Every structure is written in C-alpha cells, then in structure tokens.
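Tertiary structure, described
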Amino acid sequence: MRRKVVAGNWKMNMKHAEGLSLAQAVDNFLLGNDLPGVDVILCPPYIHLAHIAGSLRAPNISTGAQNCSDHDAGAYTGEISAGMIKSTGAEYVIIGHSERRSYFNENDELLNTKIKIALKNELRVIFCCGEVLSEREKGKHFEIVKSQIEKALSGISREDLADIIIAYEPVWAIGTGVTASSGQAQEMHSYIRSIIYKLFGKEEAEKALILYGGSCKPSNSAELFSMEDVDGGLIGGASLNEDDFCKIIDSFPGK
Ligand code: 13P
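Residues numbered from 1 in each chain as written. Predicted model: local features only at pLDDT ≥ 70, side-chain atom pairs only at ≥ 80, totals over all residues. Heavy atoms only, no water.

So, the pattern of salt bridges
We count it as follows: The salt bridge criterion pairs a side-chain nitrogen of Lys or Arg with a carboxyl oxygen of Asp or Glu, the two atoms within 4 Å. For the purposes of this entry, the term helix denotes a DSSP run of H or I that reaches at least four residues, the term strand denotes a run of E that reaches at least two, and both are numbered from the N terminus. Residue exposure (1.4 Å probe, protein chains only): buried if accessible area is under 20% of the type maximum, exposed if over 50%, otherwise partly exposed.
If you walk through the whole model with that rule in mind, you get 16 salt bridges. Residue Asp27 pairs with Arg57 through a salt bridge whose shortest N-O separation is 3.3 Å. With Asp27 in helix H1 (residues 16–32) and Arg57 in the loop between helix H2 (46–55) and strand S3 (61–65), this pair connects stretches of sequence that are 30 residues apart. Among the residues examined, Asp27 registers a relative accessible area of 0% and is labelled buried. If you follow the salt bridges from partner to partner, you end up with Arg2, Arg193, Asp229 and Asp231 in one network.

Put into structure tokens, the structure is as follows:
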C-alpha cells in the first residue's frame, strides 16, 4: 500500500501571521484526527518556512519550499538554495511547477539540475508535469508529459527516485475551476506509472507516489482520490482555506 499525500502549494499568498495561523489549524486538525497513511505537506512562501516548520507537532505533517536555486551558494542576489531550505527544517521542495516554467522560463534542463541539487541537500522533491490545453486538444498530452518526466529524471538513480513525488498538474486545470475528470486523471497517472516502470522497473513504479493538481477541492477530491493511481493531491487555491484543505485531507476512501 502506498502512502497518501496531500500537499498545499500556497504560491505567493499569506502574510506571516496568517500563514502561521493556517498552519496551526491544519496541524491541530491532524492531531485531533487519526489519519494513518496520510502525509500532509505545507508549502508556504520561503520566508515563513522556518517559523512554520518549527511550530508543527503532528507526526504526519511537514513543510516544503516552492522552488530552489540551481546553485549551491554564492553571489546570486535574491535566490534561495536547497541547503538553506533544508536548514529551516523543511523536508520537501516543489520543482517544475508550470508557473515557474511559464513565468520564469524554467526549462527541462534547469529543472533536472534543480532536482539533483535538492536531492544532494537531502530534500525530497515534488516534481510537477502537465500539458497546456492546446497540447491536450492536439492529443499530445501523453507525449509532453513523457518528455517532461524523462528529461527531469535524467541521471537520477533508482535509490533517488524514492525521494521524488510526481505531481500531474494539467495546466488548463490550474486555478481555472476546471478539474480533470477522475477518468482523465487516472488515465494520465497510470501512464506516468508506466513511464516509471520503463525507466526504473516494476517495484519502483508500484511504489511511486503520483499526485493530481489542478482545481482540486472538497467537492471533487474524494472522487479523484478514489482512482487507483491517484495517490493524493497538490492543492493550490483550496489549500489557503483551512476548512477546505482539511476536508480534502479527510477525503481518501476507506479511511
Ligand atoms: P489550484 O488548486 O489553485 O488549481 O492550483 C493547483 C496548483 O497549481 C498546485 O500546485
């Protein structure tokens, strides 16, 4: 049985006190509700990480950053290194989010470098992939996701793969209110698992955690999470509201 994961990507939202209060609410929810097998990851803006990481008490909650530099250290004004993130107590970093790819021109080669630097600094990676609408309309979504994953995981060992979670986030579903249907999500997740099978073998493919992201909310999370190859979600907008986020955490079938 694979563990279930719900990660909240706060993006560029939440002032310090608001963020701390949201994190406390989620932590309290987890302390008060027995959800064995479910891990929760909060990914606030960098500047809140240390404070939030130090404040959490539930055994199944951790924190992650939303990005990291592709350099170890040095004269890179404004950048944050993987080592700094690790030193806050954070355990994860999101790499390859479509907003980073499109607004900050992050390409597959750079993302591969970032994944390697994150792993070297003992961070786990949440690697995002997903097609834009025009690619899906042309029937190219499988090809695009395969290429993103193959390039991102180039040179990654079987051992390192255990520290990588893949998040399928179709760009047309992010922040639009349009969710992939559970059938579309399952189809792509099963395809992603087949890519991992080809690259790393059966055991790794069965163990790999694959999250869905894109307008996931309390009204659709249970159905999405009931799919065989959907191991949880990477949640944007709904992770900013404690009730919505906790309902999503609580929506795995058979818990
Ligand atoms: P929304 O849940 O707001 O669509 O965002 C998804 C996302 O980008 C998570 O990384």
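Still to come is the rest of the account.
Regarding the nonpolar core
Applied cut-off: To qualify as a nonpolar core, a set must consist of buried Ala, Val, Leu, Ile, Met, Phe, Trp, Tyr and Cys residues joined through side-chain atoms within 4.5 Å. In this analysis, two residues are considered to be in contact whenever any of their non-hydrogen atoms come within 4.5 Å of each other.
Core analysis: the biggest nonpolar cluster contains 65 residues, and Val26, Leu42, Ile149 and Ile249 have the highest contact counts within it. Ignoring anything within four residues of it in the chain, the contact list for Val26 reads Val40, Leu42, Ile61, Phe245, Cys246 and Ile249. Membership of the second largest hydrophobic core comes to 13 residues, among which are Ile41, Cys128, Ile165 and Leu234.

What to know about the side chain of Ser239
Quick note on the threshold: Side-chain atoms alone can form a polar contact between residues adjacent in sequence; in general such a contact is a pair of N or O atoms within 3.5 Å, and within protein one must be able to donate a hydrogen while the other accepts it.
Take Ser239: it is sitting in the loop between strand S8 (232–235) and helix H12 (242–249). For Ser239, a relative accessible area of 0% translates into the label buried. For Ser239, the side chain forms a polar contact with the main-chain oxygen of Gly236, separated by 2.7 Å. The residues touching Ser239, leaving out its near neighbours within four places in the chain, are Gly8, Asn9, Trp10, Leu22 and Phe245.

A closer look at the state of the cysteines
How we decide: Pairs of cysteine sulfur atoms within 2.5 Å are what we label disulfides.
Summed over the entire model, instances satisfying the criterion amount to zero disulfides. We note that Cys43 lacks a disulfide partner, and the nearest cysteine sulfur, in Cys128, lies 9.2 Å from it. Since its relative accessible area comes to 0%, Cys43 is described here as buried. Note on Cys128: no disulfide assigned, nearest cysteine sulfur contributed by Cys129 at a separation of 7.6 Å.

Regarding the site of the ligand
Selection criterion: Throughout, near means a residue has at least one heavy atom within 4 Å of the molecule or strand. Residue-level accessible areas treat just the shown protein chains as cover; the underlying method is Shrake-Rupley with a 1.4 Å probe. For this scheme, ten residues count as nonpolar: Ala, Val, Leu, Ile, Met, Phe, Trp, Tyr, Cys and Pro. Four count as charged, namely Asp, Glu, Lys and Arg, and the remainder, Gly too, count as polar.
The full set of residues close to the ligand is Asn9, Lys11, His97, Glu169, Ala173, Ile174, Gly175, Gly214, Ser215, Leu234, Gly236 and Gly237. Between the ligand and His97, the relevant distance is 2.7 Å, taken from an oxygen atom to a side-chain nitrogen or oxygen of the residue. Gly236 is positioned with one of its backbone polar atoms (N or O) 2.9 Å from an oxygen atom of the ligand. Alone, the ligand offers 300 Å² of accessible surface; in the complex the protein occludes 94% of this. Considered class by class, the residues forming the shell around the ligand number three nonpolar, seven polar and two charged.

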